[in-house]
Amino acid sequence: EMTGGYESILPIMLVSALSDMTAEKLGQKPIYSKLLLESYRKCSNNPQLSSKLVENYMTKYVKSFAINDDINAILKIMNVEKHNAYPVVDEKQRLQGIITKADIEDVLTDNNNSIIPVGRIMNTNPTQVYKYDNLYTCYYRLHNNNTEWAIVINQKNNVEGIITRADILREI
């Protein structure tokens, strides 16, 4: 309620403009993630993350889906297994993309009972790391790509596991 409160308009406009400029400067990313990344960027040799390898913190033996798998079936599996992202692979088990629960739910709200292959809606450019990368490198890639999951691959582009931002933050 601003009835008769004209003296408050200028300060409110100023605060709104400053917050908008601050959000734009931060790149629309959460401020705590930005601050955390900045603190580690100052010291890229931080032993807390740079001395630890992805292979020791990743989830191994991750279920993956084929490009032609139906998203309705995948959503049922996600709900049972309580995971929100899975790699998508080709017939030779090479990484093709990543599918998230949010991706599927967005599509299903528009196409309720349609049979849609996962290959049509997956992210074809997932964040990727190798198991011998350090946690600093992995977190930096996750942050720059504004995602929660990185697929761990080998030199042949085969999926070896998955690591999340939460896995890394538990180590800090």
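Since we're looking at a predicted model, the values are computed, not measured. (Residues numbered from 1 in each chain as written. Predicted model: local features only at pLDDT ≥ 70, side-chain atom pairs only at ≥ 80, totals over all residues. Heavy atoms only, no water.)

Visitor: Explanation requested: the sheet that holds strand E6 (residues 149-153) in the structure shown.
Guide: Sheets are built from strands that pair by backbone hydrogen bonding, the pairs being arranged parallel or antiparallel. The strand order across the open sheet formed by four strands is E1-E7-E6-E5, and the pairing between neighbours is mixed. This sheet does not close on itself; its edge strands, each paired only once, are strand E1 (59-60) and strand E5 (128-130). Sheet analysis places E1 next to strand E7 (residues 159-164), joined by two bridges and oriented antiparallel. Bridging from a neighbouring strand, Lys60 pairs with Gly161 of E7. (Pairing = 2+ DSSP bridges. Helix = DSSP H or I, 4+ residues; strand = E, 2+ residues; numbered from the N terminus.)

Visitor: Honestly, the sheet that holds strand E4 (residues 95-100) in this entry has me stumped. Any pointers?
Guide: With respect to topology, three strands assemble into an open sheet ordered E2-E3-E4, the strand pairing being mixed. Every other strand in the sheet has two partners, leaving strand E2 (65-66) and E4 as the edge strands with one partner each. Contacting E2, strand E3 (85-89) and E4, helix H4 (residues 71-81) runs over the sheet at an angle of about 140° to E3. (Contact = heavy atoms within 4.5 Å. Axes fitted to C-alpha atoms, helices over the stretch in contact; angles between N-to-C directions.)

Visitor: I keep staring at unusual backbone geometry and nothing clicks. Help me out?
Guide: What is expected of a backbone is that most residues other than glycine have negative phi and most peptide bonds are trans. In the Ramachandran plot, Lys82 falls in the positive-phi region, its phi being about 60° despite a non-glycine side chain. With respect to the helices and strands, Lys82 occurs in the loop between H4 and E3. Although it is not a glycine, Asn146 adopts a positive phi angle of roughly 50°. Its location among the elements puts Asn146 in the loop between helix H6 (135-144) and E6.

Visitor: Would you take a moment to explain the pairing of E6 for this structure?
Guide: The two faces of the sheet receive side chains in turn, since in a regular strand these alternate between them. Most of E6 is tucked away, with four of its five residues classed as buried. Summarising the sheet, E5 and E6 pair through three bridges and their orientation is parallel. Following the sheet pairing, Tyr130 is matched in E6 by Ile153. Read as a crossover between parallel neighbours, the route from E5 over H6 to E6 is right-handed. (Buried < 20%, exposed > 50% of the residue type's maximum accessible area, 1.4 Å probe, protein only. Right-handed = clockwise from strand over helix to strand, strands pointing away.)

Visitor: Teacher, can you tell me more about the pattern of salt bridges here?
Guide: A side chain with one charge may pair with a side chain of the opposite charge, provided their charged atoms come close. For the structure on display, the rule yields five salt bridges. The shortest N-O distance in the salt bridge between Arg94 and Asp90 comes to 2.9 Å. On the accessibility criterion, Asp90 (10% relative accessible area) is buried. For Asp167, the salt bridge is made with Arg170, and the minimal N-O distance between the two is 2.4 Å. The exposure class of Asp167 is buried, given its relative accessible area of 10%. (Salt bridge = Lys/Arg side-chain N within 4 Å of Asp/Glu carboxyl O.)

Visitor: For this particular structure, what's the right way to read a nonpolar patch on the surface?
Guide: On the surface, Tyr6, Ile9 and Met13 cluster together into a nonpolar patch covering about 360 Å² of accessible area. With respect to the helices and strands, Tyr6 occurs in the segment before helix H1 (9-25). (Patch = residues over 30% accessible without salt bridge, like charges linked within 9 Å, V, L, I, M, F, W, Y side chains within 5 Å. Areas by Shrake-Rupley, 256 points an atom, 1.4 Å probe, with all protein chains shown as cover.)

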